[in-house]
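Understanding the architecture of this molecule
Listed below are the residues making up each chain.
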Amino acid sequence: MGFIDTIKERAKVDKQTIVLPETEDRRTYEAVATILKEGIANVVLVGSKDAVEEGSKGLDISGAVIVDPTTSEKTSTYIDKLVELRQSKGMTQEQAREILLSNYLYYGVMMVKLGDADGMVSGACHSTADTLRPCLQILKTKPGTKLVSAFFLMVVPDCEFGANGTFIFGDAGLEQNPDPEKLAAIAASSAESFKLLVQEEPIVAMLSHSTKGSAKHADVDKVVEATKIAKELYPNIEIDGELQLDAAIVPSVGQSKAPGSKVAGRANVLVFPDLDAGNIGYKLVQRLAKAEAYGPVTQGIAKPVNDLSRGCNADDIVGVVAITAVQAQAN
Ligand SMILES: CC(C)(COP(=O)(O)OP(=O)(O)OC[C@H]1O[C@@H](n2cnc3c(N)ncnc32)[C@H](O)[C@@H]1OP(=O)(O)O)[C@@H](O)C(=O)NCCC(=O)NCCS
Ligand SMILES: CC(=O)OP(=O)(O)O
C-alpha cells in the first residue's frame, strides 16, 4: 500500500472531525464527496446552506455538517473567546464579530481552538500567509516547541532514494529565512513528523550548496551552525550537514563527498536552508518528477491546521485532510 493509502486507512480507524472553510471553491466539494464516501473523516463546512448547495451541485456531500456563522449559536462564544485571546493586541468585540463573520478561516480556527473540530484544512483559494496567520495567532505553538514550521510530504514515483521515494521537505511553506536556531528546530520537528506519518526512522540532512566545507559563504556557515545546534539539542536524531542534495540522498555520491557520514546517501528528511530553496524545491519535484506533494503541513502547532497550494487538486485536499486527521489522533 502506498503512503497516502496507508494514511487514509489510519485516519479511518479513529475518525476525526475536520473543518473545511473554503466553501467558495469547487475543489473543496469534490474532496468532501471523496472523504465522506471513503469514510476518512467527519467534515464540517463553514458557509451558508444556500452557498453550499449551489457550490456542491451534482456531488453527494450529504454527510457533511454545514455551519453558518450568521446563524450558528456558537458564534457569540467564538467572538468572546477571540476577544479574550487577542485583547492584548487591541481586538475589540466589534472587530472580532467582523472578522468571524467575514473570514471563515478565522471561524474554522476558533472551532478547532474550542474543540468543536479536531483540525482544519484550507489554502486552495487563500495564500499561505492568509491561511496560517489565524492559526499562528490563535492556536500558537505546542508546549515544548520553539516555532511552527511547514513541510511537504513528497512521494516520488519510481524512486529508490529516501524511504522508497517518500520524503519530508521542510520548511517549504512558512519560515522565510530561518536563523540557525530556527533551522535546528525545523529539523527536529520534521524528524518527529516523519516518524508519525511515515512510521520509519527519520534520517535528516541539513541541505546546502556545499558538502562538508566544499564551499565558503555565510549561507554555508548558517547550515553548519544549525547542524551543530541540532546535534547538541537532539542527540537521538540521526542528523548531518552541511550536505548537497545529491550527497544527501544518493549513496555513491554521499560516500565520495561525505565519507564517514551516517546520513549522507540515506536521508529521507530534507531540511532546506530557507524558504526560497524549500518552496522552489518541492514544486520542481512535484511538477518535473510528477511527485505527489501533500502540504504545506504544519508542525509544532498546538492543534493541526494545514495549508494547501492554490495549485492543488481535489485529491491533494483529500490527502491533506487524511494527514490532518492522523495528526489530530496523535494530539
Ligand atoms: C506565516 C506568516 C504570514 C506570519 O507572518 P506575519 O503575517 O508577518 O505575522 P506576524 O509575524 O505578525 O505573526 C503573527 C503571529 O504569528 C506568530 N508567528 C509568526 N511566525 C511564527 C512561527 N513560525 N511560529 C510560531 N509563531 C509564529 C507571531 O508570533 C505572531 O503572534 P502574535 O500576533 O500573537 O504576536 C509569514 O511567516 C509568511 O508570510 N510566511 C511565508 C508564507 C508563504 O508565502 N509561503 C510560500 C507559499 S507556501
Ligand atoms: C505551498 C505554496 O507554494 O502555496 P501557493 O502555491 O498557494 O503559493
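Our subject is the structure that appears above.
Residues numbered from 1 in each chain as written. Chains lettered and ligands numbered in written order. Predicted model: local features only at pLDDT ≥ 70, side-chain atom pairs only at ≥ 80, totals over all residues. Heavy atoms only, no water.

**Quick look at the packing of aromatic side chains**
Both the distance between ring centres and the angle between the ring planes are used here to describe each pair of aromatic rings. Just so we agree on the cut-off: Two rings from Phe, Tyr or Trp (for Trp, the six-membered ring) form a pair when their centres are within 6.5 Å of each other. A pair whose planes differ by under 30 degrees is stacked, one over 60 is edge-to-face, and the rest are tilted. Each helix is a run of DSSP H or I of at least 4 residues and each strand a run of E of at least 2, with the numbering of both proceeding from the N terminus. The rule is simple: take the accessible area with a 1.4 Å probe, protein chains only, and divide by the maximum for that residue type; under 20% is buried, over 50% is exposed, in between is partly exposed.
This structure, assessed with the given rule, holds 5 aromatic pairs. Both rings, one in phenylalanine 3 and one in tyrosine 294, keep their centres 6.4 Å apart while their planes meet at 45 degrees; by these two values the pair is tilted. Residue phenylalanine 3 is found in helix α1 (residues 3-13), and its partner tyrosine 294 is found in strand β10 (residues 292-299); the two are separated by 291 residues along the sequence. Judged by its relative accessible area of 12%, phenylalanine 3 is buried.

**Regarding the pairing of strand β5 (residues 149-155)**
Heads up, the condition is: Two strands pair if DSSP finds at least two bridges between them.
Across the 7 residues of β5, 7 count as buried, placing the element largely inside the fold. The two faces of β5 match: Ser149, Phe151, Leu153 and Val155 on one face and Ala150, Phe152 and Met154 on the other face are all buried. By the bridge criterion, 6 bridges tie β5 to β10 in an arrangement that is antiparallel. Counterpart to phenylalanine 151 in the pairing with β10 is valine 297.

**Here's the deal with the site of ligand 1**
Counted only if it meets this: Working definition: residue near molecule or strand if any one of its non-hydrogen atoms lies within 4 Å of it. Distance and chemistry together define a polar contact, namely a pair of N or O atoms within 3.5 Å, with one atom able to donate a hydrogen and the other to accept it when in protein, and with adjacent residues in sequence counting only for side-chain atoms on both sides. In this classification, Asp, Glu, Lys and Arg are treated as charged, Ala, Val, Leu, Ile, Met, Phe, Trp, Tyr, Cys and Pro as nonpolar, and every other residue, Gly included, as polar.
Near ligand 1, the surroundings consist of 18 residues, among which Arg86, Lys89, Arg133, Lys140 and Glu175 are the closest. Between ligand 1 and lysine 140, the relevant distance is 2.5 Å, taken from an oxygen atom to a side-chain nitrogen or oxygen of the residue. Within the contact set of ligand 1, a nitrogen atom lies 3.0 Å away from a backbone nitrogen or oxygen of leucine 174. Broken down by secondary-structure element, the contributors of at least two residues to the shell around ligand 1 are α7 (128-138) and α12 (275-288). No other element matches the 5 residues that α7 contributes to the shell around ligand 1. Considering only residue class, the shell around ligand 1 consists of 7 nonpolar, 6 polar and 5 charged.

**What to know about the sheet that holds strand β11 (residues 305-306)**
Stated formally: Only heavy atoms matter for contacts: two residues are in contact if any of them lie within 4.5 Å across the pair. To obtain an axis, a line is fitted to C-alpha atoms, over the contacting stretch when the element is a helix, and the angle between two such axes runs from 0 to 180 degrees between their N-to-C directions.
The strand order β3-β2-β1-β4-β11 describes an open sheet built from 5 strands, whose pairing is parallel. Unpaired on one side and paired on the other, β3 (65-67) and β11 mark the two borders of the sheet. Inspection of the sheet shows strand β1 (residues 17-20) paired to strand β4 (residues 119-121) by 2 bridges, in the parallel sense. Looking across to β4, one finds that isoleucine 18 is bridged to glycine 119. In this fold helix α2 (residues 26-38) packs onto β1 and β2 (42-46), with an angle of close to 160 degrees to the strand it touches most, β2.

Read these as layout, nothing more, since geometry by itself doesn't imply function.
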